Amino acid sequence: MRRWTCLAALPYLVSPAYGAGLGQSSGEPAPPSASKKAISYIHWLEERSMLQQARVLARHYSGDSIQWQHPYGQPQAHAAVARASVWFTAYPASTIAASPGTSVISTLAEERLWSAFQAIGIQGIHTGPMKRSGGVRDLGYTPSIDGNFDRISFEIDPAFGTEAQYKAMVAAARSHGAIVIGDIIPGHTGKGPDFRLAERAYADYPGLYHMVHIEPRDWGLLPPVPAGHDAVNLTPAAVDALQKKGYIVGQLHSGIFYEPGVKDTDWSATDVVRGADGVERRWVYLHYFKQGQPTLNWLDPSFAAERLVIGDAVHELGVLGDGMLRLDANGLLGIERDPTGRVWWAGHPLSLTANQLIADMVRKLDGFTFEELALPLDVMREMSRGGPDLSYDFVTRPAYDHALLTGDAEFLRLVFQLMREYRIDPGRLIHALQNHDELTMGISHFAVHADETFPFRGGRLTGKELRELVRREMYDRLLGERAPYNLKFGEGVASTTATVVAATLGIRDLGALKPGDVERIRRLHLLLAFYNAMQPGVFALSGWDLVGALTLPAASVRERLADGDTRWINRGAYDLLGSNPQASQSAGGLPRAVALYGSLTEQLQSSDSFASRLARLIRARAELHLQSARLADVPAVQAKGLFVLVHELPANTGLEITAINFGDRAIDESVPIRGAATGSKAIDVLEPQAPPLDLGPDGRLQLRLNAFAAKALRIKGPVSP
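Just so it is clear, the structure is predicted and the values come from calculations on it, not from any experiment. (Residues numbered from 1 in each chain as written. Predicted model: local features only at pLDDT ≥ 70, side-chain atom pairs only at ≥ 80, totals over all residues. Heavy atoms only, no water.)

Right, let's talk about the sheet that holds strand 7 (residues 179-184) for a bit. Taken in spatial order, the eight strands line up as 1-2-7-13-16-17-18-23 and close into a barrel, and their pairing is parallel. Going from strand to strand, the sheet's axes swing by 30 degrees on average, the running direction of each strand aside. Pairing analysis gives two bridges linking strand 16 (residues 368-372) to strand 17 (residues 390-392), with the strands arranged parallel. Counted as the bridge partner of E371 is S391 from strand 17. (Pairing = 2+ DSSP bridges. Helix = DSSP H or I, 4+ residues; strand = E, 2+ residues; numbered from the N terminus. Axes fitted to C-alpha atoms, helices over the stretch in contact; angles between N-to-C directions.)

Below you can see the structure in the form of structure tokens.
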């Protein structure tokens, strides 16, 4: 009902004919008082605005039969996984071109690259945001301040290539049986034409954002804007004063990108801006992320934000040809203060409604969506009922890294038990190694359920106590003197998978790695790949994983770290093909990272390389159809480092057992396997020549695993109830 009420109201709210006395509609001339130069600039901005681009694009789809060919009201997780179950997650700013003068997009369309991807078993490429981002000053564009997550246009960023090249990349992927996965960013934009028009109070552009104009008599409550800037962050005292005056709701502190003196609150004030009507205004606007990322308002009478975001999604699918879209930071579309003053965003009804609208539209056009945000399990469950088809696995990611770092998998086992209690299906999760972000350690479920108690290490801890303990143990091993190559970021750690492993192994100096050290890092890296791949759902890995990238020295990206965003050290440049060895940096200006494993071209020539061993793992996964399996059990075990999952394979063809030893000592333990017939034999999937293991009459399987080792075992035959 919530969704349909919004949909029913939409045509009336956005119609220029609805009601009388409405403000100036898009396309109407500016008032006579405006100068010709100002009028010309308004038109220049509007032509380039995303809201205008969405308006034009919608005309091609409204009333067309294409909208009625696909189911859309419910998430289609299994269909999404069937379309592509192994992903490469690219990061355009870190991609080194295949040759001097070649664009990033053309590099990602290279036949040599797709042949390598196909050999590994990759079925989809998530490009990361590739559209023009940053802002507009006068008639010029300013660069992105957040890795192209501050979108200002539907056009491809010229720094990465052209629309024609993007379409060629989509065609290259299809020729190898794969899809391209794009992005929409439904929570905010950059300070592009849309925001500049909003500042000028033009048409319904102010309705795009959480922004309020402050009366001139109260400008004294606002600090001056420093020279060379277009806005200033507000202090908590200034926010409180504006709240007292009735302008804004008050503190809505998300904590994202918090940096004293840089971002003290999520509210900023513009300088004086002359509007399209000739009136000078100062605005206060909300930004959960950086100051240059104004937050979209999903509950404004203009419904401008909905039109912009849906238009972006339609462009990704219908114009560029993507088969799936990421909804970035999609849990922050509804946010307010509850009666106690607590900031409420996780599970907010507006977020649920907005996500369903986006996901329904994408499914209507034969696409799928996934969310990438660390959410509590109960919120994930609510979102899965009507929103995105898939969700990024930020649930078990910190838990499996904790298991590796401590040699104790108890926290990981607890997380899986909670997932089963909350009916979170691992088959709708994207199990990933590194992505562009930090190693997220918010462990949000335990923050929201801070007073609830959980069994752990022979006792019971509150969610708050458990969260603090796990994070402390991880920070102790990943930061400081033990691992000076990693840096803290927010509630997580800026690191690569290889440097998480290096910290686990007690390696302090990355500049003194010996061949034996590299092999040990590669071995544990493959162990983490095994964990993520040998589960139902999607398995994803990045370019940094494929080449074994180390973090960058902080000094090499010092300017990018100035605002406290330390993630740039885990975004070093990589050359997947190894065809541009002279390049010292990417097209995005990031320095080349040390690559322990070498290029894919080199690796695929050796059967013992990271990529070749990864390919064998993915091939075994595909032969089992494990991506479509169902988690049947998480057996109780005795050894601290042991972690076991039992999966029912599709079509009742048997069981798969994923067994991992996260500890540094060998394990020999008898584990109960429910559902297997007495007398069954378990075959080692990756080493089929090994003697099969017998399931004992008591239904237990004897597992022997060396330190930091794993096995995938298959028991054929119908599964017992």
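Our focus in this paragraph is the pattern of salt bridges. In this structure the tally under the stated criterion is 45 salt bridges. Among the salt bridges present, the one from E163 reaches K167, with a minimum N-O distance of 3.3 Å. Within this pair, E163 and its partner K167 are both found in helix 7 (residues 163-175), separated by four residues, close to a single helical turn. Assessed through its relative accessible area of 32%, E163 is described here as partly exposed. The shortest N-O distance in the salt bridge between E648 and R630 comes to 2.8 Å. Residue E648 is found in strand 25 (residues 642-648), and its partner R630 is found in strand 24 (residues 630-633); the two are separated by 18 residues along the sequence. Residue classification places E648 among the partly exposed positions, given a relative accessible area of 25%. Among the ionic contacts, a cluster of salt bridges with common partners joins R137, K191, R196, E199, R200 and D230. (Salt bridge = Lys/Arg side-chain N within 4 Å of Asp/Glu carboxyl O. Buried < 20%, exposed > 50% of the residue type's maximum accessible area, 1.4 Å probe, protein only.)

Of the two faces of strand 10 (residues 267-270), the one carrying W267 and A269 and the one carrying S268 and T270 are both buried. In this sheet, strand 10 lies alongside strand 9 (residues 231-233) in antiparallel orientation, the contact comprising three bridges. Bridge assignment links V232 to a residue of strand 10, and that residue is A269.

Once that is clear, we can look at the side chain of R571. Tracing the backbone shows R571 in the loop between helix 19 (543-547) and helix 20 (600-603). There is no salt bridge for the buried R571, and the closest opposite charge comes from D437, which lies 4.0 Å off by N-O distance. Side chain to side chain, R571 and Y91 meet in a polar contact 3.4 Å long. (Lys, Arg positive; Asp, Glu negative; His and termini not counted. Polar contact = N/O pair within 3.5 Å; in protein donor to acceptor, adjacent residues only side chain to side chain.)

Sheet architecture is open: six strands sit in the order 24-25-26-31-28-29, paired in antiparallel fashion. Of all the strands in the sheet, just strand 24 and strand 29 (693-694) have a single pairing partner and so form its edges. For strand 26 (residues 654-661) and strand 31 (residues 709-716), the ladder comprises eight bridges, and the chain directions are antiparallel. Each residue of the ladder has a partner; that of G654, found in strand 31, is K716. Of the strands in this sheet, strand 25, strand 26 and strand 31 touch helix 18 (residues 515-533), which is tilted by about 150 degrees from strand 26. (Contact = heavy atoms within 4.5 Å.)

Turning our attention to unusual backbone geometry. Residues other than glycine predominantly adopt negative phi, and peptide bonds predominantly adopt the trans conformation. Its identity as a non-glycine residue notwithstanding, F303 has a phi of 50 degrees, on the positive side. For F303, the location among the structural elements is in the loop between strand 12 (280-286) and helix 10 (304-320). On the accessibility criterion, F303 (9% relative accessible area) is buried. Phi is positive for A329, close to 50 degrees, though the residue is something other than glycine. In this structure, A329 sits in the loop between strand 13 (324-328) and strand 14 (336-337).

Overall, the coordinates contain 20 aromatic pairs when judged by the stated rule. Between the aromatic rings of Y392 and F394, the centroid separation amounts to 4.9 Å while the plane-to-plane angle is 40 degrees, which identifies the pairing as tilted. No difference in accessibility class separates Y392 from F394, as the two residues are buried. On the numbers, 5.7 Å between centres and 85 degrees between planes, the contact of W544 with Y574 is edge-to-face. Taken together, the positions of W544 in helix 19 and Y574 in the loop between helix 19 and helix 20 put the pair 30 residues apart, joining distant regions of the chain. The two residues W544 and Y574 agree in class, both being buried. (Phe/Tyr/Trp six-rings, centres within 6.5 Å; stacked < 30°, edge-to-face > 60°.)

Attention now goes to the packing of helix 18 against helix 21 (residues 610-624). Following both chains from N to C, one finds helix 18 and helix 21 inclined at 20 degrees, their axes separated by 11 Å at the closest point. Taken together, the axis directions place helix 18 and helix 21 in an arrangement best described as roughly parallel. In terms of crossing hand, the pair formed by helix 18 and helix 21 is right-handed. In this structure, helix 18 contributes E519, R522, H525, L526, A529, F530 and A533 to the contact, and helix 21 contributes F610, R613, L614, L617 and R621. Of the residues in the contact of helix 18 with helix 21, the class split is seven nonpolar, one polar and four charged. (Parallel < 35°, antiparallel > 145°, perpendicular 65-115°, else oblique. Left-handed = near helix turned anticlockwise from the far one by under 90°. Nonpolar A, V, L, I, M, F, W, Y, C, P; charged D, E, K, R; others polar.)

So, on to the nonpolar core. By size, the foremost hydrophobic cluster in this structure holds 129 residues, and its most contacted members are F117, F411, L614 and F662. Among the elements that make up this core, the one with the highest residue count is helix 18 (ten residues). L51, A304, L308 and L327 belong to the second largest nonpolar core, which has 44 residues in total. (Core = buried A, V, L, I, M, F, W, Y, C linked by side-chain atoms within 4.5 Å.)

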